[in-house]
Amino acid sequence: MAEAHPVGFQWVMEAKKRGAKIIHVDPRFTRTSAHADVHVPIRAGADIAFVGGIINYVLTNEKYFRDYMLAYTNAATILTDEYADTEDLDGVFSGLDRERRVYEWDSWRYESDAVRPAAGERSPDLTGAQLLQVRRSGRGEAQGSGGAKAEPRPHTDPTLQHPRCVLQILKRHFARYTPQVVAEVAGVPEQLLRQVCELVTENSGPDRTTAFVYSLGWTQHTVGVQYIRTAAILQALLGNMGRPGGGIMALRGHASIQGSTDIPTLFDMLPGYLPMPHQYGNDNLDAYIAAETVEKGFWANTRDYMVSLLKAYWGDAATQDNDFCYGYLPRLTGSHSTYETVLEQLNGRCTGYFLLGQNPAVGSANARMQRLGMASLDWLVVRDFSLIESATWWQNGPEIETGELRTEEIKTEVFFLPAAAHTEKDGSFTNTQRMLQWHHTAVEPAGDSRSDLWFMFHLGRRIRQKLAEAGRGASAPPEGVASADEWNRPVLDLTWDYPVRGPLDEPAAEVVLAEINGWSSDGTPLSSYTQLNADGSTACGCWIYCGVYAGGVNQAARRKPGTEQNWVANEWGWAWPANRRVLYNRASADPDGRPWSQRKALVWWDAGQGKWTGHDVPDFIADRPPDYRPAEDATGVEAISGTDAFIMQADGKAWLFAPAGLVDGPLPAHYEPQESPFVNLLYGQQHNPVREIITHRDNRYQPSGAEPGSDVFPYVTTTYRLTEHHTAGGMSRFLPYLAELQPAFFCEVSPELAAERGLEHAGWATIVTARSAIEARVLVTERMRPLQVGGRVVHQVGLPWHWGPNGLTTGDAANELVHLSLDPNVHIQEDKAMACDIRAGRRPRGPALRDLVREYQQRAGITAQTGTEE
Amino acid sequence: MSTRVAPAFAAGPTDAAGGLDPAARSGYADHPPRMGFFTDTSVCIGCKACEVACKEWNKVPEDGLELTGMSYDNTGSLSASTWRHVAFIEQIVRAGDSRWLMSSDVCKHCTEAACLDVCPTGALMRSEFGTVVIQDDVCNGCGYCVSACPFGVVGRRETDGGAHKCTLCYDRIGDGLTPACAKACPTESIQFGPLDELRERAQGRLRELHDAGTPQARLYGEDPADGVGGAGAFFLLLDEPEVYGLPPDPVVTTRDLPRMWRHVATAAAALAAAALLSGLGQRS
């Protein structure tokens, strides 16, 4: 965190000053470790085993926060007898369709009196192939603000003794994560695990809370989502959710990445975590609502949110009669993640590409494939501060050097448009705590630089103008569309009337914020998402942001100093939803509505006033007393009981066991990374059986574990960032003051590995995988520590990934090495744990580079099938 | 701690902490309190924001794009084009408590500043804040200050021939602003303020660390009795100064000058006498 988020780390230092203990888990000893009380060196790719070991400790020693767990988690909920665990099936869950590589997750359900839905699917008409396509779309990110479908009123056993209750299932599931096994798998010595277990549990309970902070080291795995799930289970058991000082903080990869999932740049979502409609099962608004709405809690109001969004998009054109233009929305036909998009480029189906502040030529996994994809396009638009590699690969990319591409033969037309920096435009950042902070234009952008808002608005304006002028029949509509006019309607009907200001015609960002906030039919700004309606009388661009412009005031621009308000500081910026700073903070009070302790008081029930009150905005129905119990037939918000603290969840509980929402299992299980020198010591199942595999000649996988050829890639490697650089380097390698601080791409190795491979400090090394070979300067450092894993020593190679051929400091991109095997929930690549070889000296130049990679592939016996087995 | 060199300075006005008041000695009759830096290296996270902020504000040029191989320190040392330098010292123990020390070094703004003493043009001056500043438009690039500095802080820049170093953001503090490095520091490792306040704060922090079981913690440059009369920019270190590349016992290099001149005068007189005597002898 000190390494990649130094500004945020000041608060860790502040906490440390007040007595907090810092534990840092990382393969390397980093700038964060330097300030931690305990550093846990771990084998990259083994975190589920490690955290699973802590869960096992908590369960075995009954260190959980029993009252909290019983009241606010699904520990007591009983599962159906159809559920079979990894304990029963040697590492997989019930419902695995091995042939099609998907889980049928009906058997993960809660037991209840409700009638079982037909074949578990919400749209019974779907054929097997259609269902497969829907599942492959894996819209897991739609769970970003809580709540997949589940039985709202399951059977429970408050004594927690029923063999099929979640707590008992959990105990069985994690029993094998013993300290001995964790040591073997993760390389974490038993006494070190013990120390962490004691620190975490002693610091959790009514009086104390523990927070988890993770970054991309946890997400970028073929089981990335399950990494986070493991932490979620532990935090729910310990009562660390919804309470001050608790929680699980995702430190995102860029400023406002939280904002870019809330109002998504992701293919599978609409604003506010509304699922993007799928080709199958979402034919019209009613079908969509039926399929995507839960019965209980605030997600029961999906229709209000969706209709208000459609009204924000299409304004007066959206009416009850035309389904509020729901038909204008694009449809998913499978996974269209950034990596599938590259495949479609190579297949010739994706012919144009916009890159706004993104540098995939060096910044995305399997960088060579990214460039080859771009070389297959008709046109490419790059908007950035400087001439990044994604704008120049056709001229000086690695494939020009290897002779795989010739500049004069590349047909892609590349447009480079200079972008304005955040200091040159108005707008907001949303940070990891869901807090929006507004920034104002400090200076006008220089030269031809323009903001992204300017670009998008004026591009849309010009396209609309052209379509309107062209009129009927100017361009032939695709098959099945009656006329060009019909084809163009979704664009022509958009509300696209933002006012512009200044000499550059910059659109007013605050008006966009006001639209996101929403307004009633007379234009009055809304103040809460509870005001949204499904009858078309409200428009709202993102329901969870409703209230950010309450009273016509930009709430995100508030900057009242912390010294002038209480410690929650609700008047600094604005946090979704409803300016709540701690999500699910009903859980900070006991079931009767009293704080668990005075030290950790946050919100509580004020019986005198008949409402919830406290330091933070209560994340609960304001006047719902703790003893409220809903009627049997209650639905939606009425069905939330006075103790259902997790109000966005279908059953009002924090999920120790996830009966829905994840495509790769209801509980986390340790699987080896796609490429690993080790066999899975925990299960017979080596990999995540439903991980996404992309079979392509430029994306060959390596053998793993006991497979022949695995020893060709004997070392573990992981990528990471340095404080001095920013992501793919577009904002740092071109700046002298940053470039000089880390002026060369390097790898970090232990003295032991250096001795084993004859690597010289400050000399050169070549790192090889089945995709490519790169060269790096060598930093031999004791901060890299060999670990004991699976009965032998394993060495790890550290690779900061900021470099590329352009800028003031240049070097090979670590992403050349990375394969495309993805987490099936969110389609993220596995940069954080791979296997590689390392050798002394520089890599070959020209065509000899590919020869070296081929030689490695042959030596390891790699074929198209290697690594694709489940 | 190493033994202190007894102060050998001329008597003069003193500041609140009992040290000499350099601004008053330089003729500022009515002046603001002496300002300085307290760099608490125990909370430095090595982010180098100080280096970048300093260069941005002071328009200091880039200083070389070489990988040094010295841990994460690619800056190397203070120089004409590096006015803040973060040192990284790896003390890794395979079984035990490893440390990775980080420390942001800067010009010490000495009470007894040799650089200022030797400057023949008056380019180096004492400000009303008690800091030491080089005036670019007066400096003739002779370089005397470079060799005079006991810390190796001052350097000459090849591109303009002039000597350059930290000004303690003279052009900011006069306007009531915090120097760029301290402003950018996310963990308050670099603290700016009136020197006597900083010294008090540093003593408190030192006690805190000693009580928390860090006996190696020590202050460096805060003592008005040291060889430079106390620094205007002082440090809390977690190890011997040498570990950070700092001289353990810095002495103002002009300390012995008066004595040296006396010796020279004596020697010259002796020579003259000898010459005279020898001349007399020849004649006789």
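Residue numbers run consecutively from 1 along every chain, following the written order of its sequence. All chains are assigned letters beginning with A, and all ligands numbers beginning with 1, in the order in which they are written. Residues qualify for local features only when their pLDDT is at least 70, as the model is predicted, and side-chain atom pairs are given and counted only at 80 or more; totals for whole chains, interfaces and linings, by contrast, use all residues.

## What to know about the sheet that holds strand β10 (residues 379–384) of chain A
All names here are of chain A. If DSSP finds at least two bridges between two strands, the strands pair. Numbering of helices and strands starts at the N terminus; helices are DSSP runs of H or I of at least 4 residues and strands are runs of E of at least 2. An order of β9-β10-β11 is seen for the three strands of this open sheet, with the pairing classed as parallel. Sheet topology places β9 (352–356) and β11 (413–418) at the edges, where each strand pairs with a single neighbour. Pairwise comparison of adjacent strand axes, ignoring direction, gives a mean angle of 10 degrees for this sheet. Both β9 and β10 contribute to a ladder of five bridges, which runs parallel. Axes here mean lines fitted to C-alpha atoms, for a helix over just the part in contact, with angles spanning 0 to 180 degrees between N-to-C directions.

## With respect to the interface of chain A and chain B
Accessible area lost during the coming together of the parts is what is often quoted as the interface size. If you look at the interface, chain A gives 32 residues, while chain B gives 27 residues. The set of elements that each furnish at least two residues to the side of chain A that touches chain B consists of α1 (6–17), α21 (736–739) and β25 (773–780) of chain A. Ranked by residue count, the leading element in the side of chain A that touches chain B is α1 of chain A, at five residues. Any residue pair is listed as a contact if its two C-beta atoms, each placed from the backbone, are within 7 Å.

## Observations concerning the domain arrangement of chain B
Each domain span listed reflects an automatic or database assignment of domains. Taken domain by domain, chain B holds domain 1 (22–253) and domain 2 (256–284). On a C-alpha basis, the centroid separation for the pair domain 1 of chain B and domain 2 of chain B is 43 Å.

## What to know about the nonpolar core
We call a set of buried Ala, Val, Leu, Ile, Met, Phe, Trp, Tyr and Cys residues a nonpolar core when their C-beta atoms link them within 7 Å. Exposure classification rests on a simple neighbour count of other C-beta atoms within 10 Å of a residue's own: a residue reaching 20 or more is buried, one at 12 or fewer is exposed, and one in between is partly exposed. C-beta atoms are placed from the backbone. With 248 residues, the main nonpolar core has Ile55, Leu237 and Ile767 of chain A together with Cys115 of chain B as its most contacted residues. It is helix α2 (residues 47–60) of chain A that provides the largest number of residues to this core, a total of nine residues. Residues in contact with Cys115 of chain B, not counting those within four places in the same chain, are Leu124, Val132, Cys145, Ala148, Cys149 and Val154 of chain B. Counting 44 residues, the second-largest nonpolar core is a separate cluster that includes Leu309, Leu310, Tyr313 and Ile544 of chain A.

## Quick look at the environment of Ala202 of chain B
Residues and elements named next belong to chain B. Considering the arrangement of structural elements, one finds Ala202 in helix α7 (residues 195–211). Put simply, Ala202 and Asp117 are 85 residues apart on the chain and 29 Å apart in space, counted from C-alpha to C-alpha. Once residues lying within four places of it in the same chain are set aside, the contact partners of Ala202 are Phe38, Leu219, Glu222, Phe234 and Leu236.

## Some thoughts on the packing of α2 of chain A against helix α6 (residues 179–186) of chain A
Residue and element names in this part refer to chain A. Where α2 contacts α6, the two axes come as close as 9 Å, and the packing angle between them is 165 degrees. If you check the angle between α2 and α6, you find them roughly antiparallel. The handedness of the crossing between α2 and α6 comes out as left-handed. Residue-level contacts link Ala49, Phe50 and Gly53 of α2 to Pro179, Val182, Val185 and Ala186 of α6. By the convention adopted, Pro, Cys, Tyr, Trp, Phe, Met, Ile, Leu, Val and Ala count as nonpolar, Lys, Arg, Asp and Glu as charged, and the other residues, Gly among them, as polar. Taken together, the residues that form the contact of α2 with α6 break down as six nonpolar, one polar and no charged. Between 65 and 115 degrees an angle is taken as roughly perpendicular, under 35 as roughly parallel, over 145 as roughly antiparallel, and anywhere else as oblique. Handedness of each helix crossing follows the sense of rotation of the near helix against the far helix: counterclockwise by less than a right angle gives left-handed, clockwise gives right-handed.

## A word on unusual backbone geometry
Residues and elements named next belong to chain A. Omega for the peptide link from Trp576 to Pro577 comes to -10 degrees, which places this bond in the cis form. You can see Pro577 is positioned in the loop between β18 (574–575) and β19 (603–606). Even without a glycine there, the phi angle at Cys325 is positive, about 65 degrees. As for its position among the elements, Cys325 is in the loop between α12 (302–314) and α13 (338–346). Owing to 20 C-beta atoms within 10 Å, Cys325 belongs among the buried residues under this scheme. For Arg434, which is not a glycine, the phi torsion comes out positive at approximately 65 degrees.

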